[in-house]
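Remarks on the overall topology
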Amino acid sequence: MDVVIHVFFYDIFYALGNHKPGICAVIRINNINDKVSENYPDADLDIIDRAYIYSARVHDGQVRLSGEPYLSHPLEVAYILANMNMDTVSIAAALLHDVIEDTHATPEEIKEIFGDEVFHIVSGVTKLSVITFNSSEERQAESIRRMLLAMADDIRVILIKLADRLHNMRTLQYQKEPKQKLIARETMDIYAPLAARLGIQWIKKELQDTSFKYLLPEDYTDIESRVNKDKEERENYVEQVKTIIRENLEKNTVKGEVLGRYKHFFSIHQKMLEQNLDFEDIYDIIAFRIILDTIPQCYEALGVVHSLWRPVPNKFKDYIGNPKPNMYRSLHTTVIGPKGERIEVQIRTREMDEVATSGIAAHWSYKEGASPDSDISKKFTWIKNIIENQENIQDPNEFLENVRIDLFPEDVYVFTPKGEVKSLPRGATPVDFAYLIHTEVGNQCVGAKVNGRMVPLKHELATGNIIEIVTVKNHHPSKDWLNFVKTVKARARIRQWIKTQDKERSLSLGREMCEKAFRKNNLNFTALVRSEKMIETMEHMNFKTVEDLIASVGYGKTTPLQIVRKFVTKETGEEAEDTILGKIIDKVRKKKVSSGVLVKGIDDILIKFGKCCRPVPGDEIIGYITQGFGVTIHRKTCVNALKTNPERQIEVDWDKKSTETFPVKVGIRSMDRVGLLADIAATISKNEANIQDVNTKTNEDKVVSIFLTLAVGDTHHLEKVLSSLRKVKYIQEAKRLDV
């Protein structure tokens, strides 16, 4: 009776509207049963009903952070699985997936009431749930190990876990911000790649987009607003393209369904980062899908699309002839569609579309008393192989390295000559590999063999390569290596060595400069350097050791005169200003003109701007002290700034009172026409910018590339100029150049 009463009140709770606004439409047990019956007309729904009643009883009185009865969560998870065409056992297990962990229910009770199969799946999901995830690699490795153990035994375990995570992400707004970011990061790192590996693209995309929303809310909102800005116009464009494709397919007697969609926000964000593009520069944010009945029709449709619009070179992929490991099959092509916009077109059969959407779930249908299809099982033997190959490995770090070969294909996996697997980011080089083995191996690396053949140190490694490093004693890292290494460890070790060498040189130079300055003031630096007065000076100037103080002079951060002044009397203080060093500083001051930049802690110093990045007010900047040439200003994102010795970096900021203008490189791409340059010059002049230099180049296809150096006040002024240039007739692109 208690059970029936609870279920009755659960329905009444929603009927009266006592749930918080913003919650998605309420899922009831009837919705789930109807969906299962639609997928499996002969299905026995009794086990689902019993699981629902049991779950309602043991979760009685529990509420979620949203204020909803806790029962709403297992119902949502079960409904997600019902829409993935999962069987009755899976649905029942989904309704029970939290009972062992969160209620007084016992494993023995679940086994007795629902049988071994349901108990086995619920136990597998529970094992995953009790793992506390944190940022440590060991915890991450153990989490993946347990997931894969459960998956290898029954794939339905991870499908329930993915559905569970999906609903938790949909209601993440009720968690506190730190917990939101923790859960979102775990989802992005583990669950989204896992969904991709299993071929369940719609879950992968939703998990990525929702994680993106909480991890980088400003970037997410920016892309969302940009996509929605011209939504009506874009929707009209989508309908226009769909109509053109549909009509031309019919002309060629090919019957198919044509769909159009926006790329999901996270994929747009990734493309902007990977290709260093602004949102306006991404042309193919709309993708079209053609769904047909047979494979020959797919290739016919490809011919129709290519006859309509010019295909973009190197943008065609045949995943029908060469399917992805997760069973994904489709033809992909990118063409220059109507209005000159790039559009991506995917062409596949209905069966391929089902697999592309649901992945393994499309074929892992457990019919009553039957096993999963053996051919499909073979395609996912990688899960069991991972477990079998790693079952004797106790070290979680080593286990994680091996697992990521299959689970995270964006990494590169190479082998030592002894057959050990090493994981590196895509684009990694032999130098990265050498530092991964040991710091000394990296420092002394002079060459490398890949699969027995000598290669340059900047050679990009590929999965499966066998790497052998050639070392020479007393060899040292090269600063040039920073131009191509990819790993944090390699970069840190190289910079550490450079820093050590710079410190030794700066210490020697600093000592020499101090000796001269002290001598000019009739002081003995060698004797005073070990005095109490020097220690007081060191502490007063916030250095940890006297050596650090002297090295700072060599770096250029401290002048010898600053130290000398601590040792001279007030009477001789003026004399110190009269030394040769003082005169040199005076000359520097006389030469100095307004630069528009303030250097923290140093007045009257020469300022130069890096020609490699040409910073302007509004850019985040960093200063680099050069020996004898003042401070060079770089943008913080400049590659050369990232390679500089941190010891020589100094805080700088823009002088808001300055009225200076600054040179910046601009690139323009346009169709050639009479009067183009005149219109560009007029537009720049109208926006109160000045042209300092101009170069043009016209290609055979009548596309002209124009490179300008403009004098602008700040980034806002620059963006105003670029925005106006983009409106000039026939200009396709106007953007700031990094070099």
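Residues numbered from 1 in each chain as written. Predicted model: local features only at pLDDT ≥ 70, side-chain atom pairs only at ≥ 80, totals over all residues. Heavy atoms only, no water.

We now examine the pairing of strand 19 (residues 690-698). Here strand 19 pairs with strand 20 (residues 703-712) via eight bridges, running antiparallel. The residue of strand 20 that forms the bridge with threonine 698 is valine 704. Counting the residues in the hairpin turn of strand 19 and strand 20 gives four residues, including lysine 702, whose phi is positive at 70 degrees. (Pairing = 2+ DSSP bridges. Helix = DSSP H or I, 4+ residues; strand = E, 2+ residues; numbered from the N terminus.)

For the pair helix 4 (residues 72-83) and helix 9 (residues 156-170), the least separation of the axes is 9 Å and the interaxial angle reads 125 degrees. As judged from the angle between their axes, helix 4 and helix 9 are oblique. For the pair helix 4 and helix 9, the sense of crossing is right-handed. Contact residues: helix 4 offers His73, Glu76, Val77, Ile80 and Leu81, while helix 9 offers Leu159, Ile160, Ala163, Asp164, Leu166, His167, Asn168 and Arg170. (Axes fitted to C-alpha atoms, helices over the stretch in contact; angles between N-to-C directions. Parallel < 35°, antiparallel > 145°, perpendicular 65-115°, else oblique. Left-handed = near helix turned anticlockwise from the far one by under 90°. Contact = heavy atoms within 4.5 Å.)

Okay, the side chain of serine 123 next. When you line up the elements, serine 123 lands in helix 7 (residues 107-129). Relative accessible area serves as the criterion here: at 18%, serine 123 is assigned to the buried category. A polar side-chain atom of serine 123 sits 2.8 Å from the main-chain carbonyl oxygen of phenylalanine 119. (Buried < 20%, exposed > 50% of the residue type's maximum accessible area, 1.4 Å probe, protein only. Polar contact = N/O pair within 3.5 Å; in protein donor to acceptor, adjacent residues only side chain to side chain.)

Here we come to helix 10 (residues 177-197). Helix length check: helix 10 (21 residues) gives 29 Å between terminal C-alpha atoms against 30 Å at 1.5 Å per residue, within 8%. Along helix 10, the helix axis deviates most sharply at threonine 187, where the bend reaches about 40 degrees. Residue glycine 199 follows helix 10 closely and has a positive phi angle near 80 degrees. (Expected span 1.5 Å × (residues − 1). Bend = angle between axes of the 7 residues up to and from the residue.)

Here we come to the pattern of salt bridges. If you walk through the whole model with that rule in mind, you get 19 salt bridges. Measuring nitrogen to oxygen at the nearest pair gives 2.6 Å for the salt bridge that ties glutamate 186 to arginine 165. One end of the pair, glutamate 186, is in helix 10; the other, arginine 165, is in helix 9, with 21 residues separating them in the sequence. With a relative accessible area of 9%, arginine 165 lands in the buried category. Here aspartate 619 makes a salt bridge to arginine 635, at a shortest N to O gap of 4.0 Å. Placement of the pair is aspartate 619 in the loop between strand 13 (607-609) and strand 14 (621-625) and arginine 635 in strand 15 (residues 631-635), with a sequence separation of 16 residues. A relative accessible area of 13% places aspartate 619 in the buried class. (Salt bridge = Lys/Arg side-chain N within 4 Å of Asp/Glu carboxyl O.)

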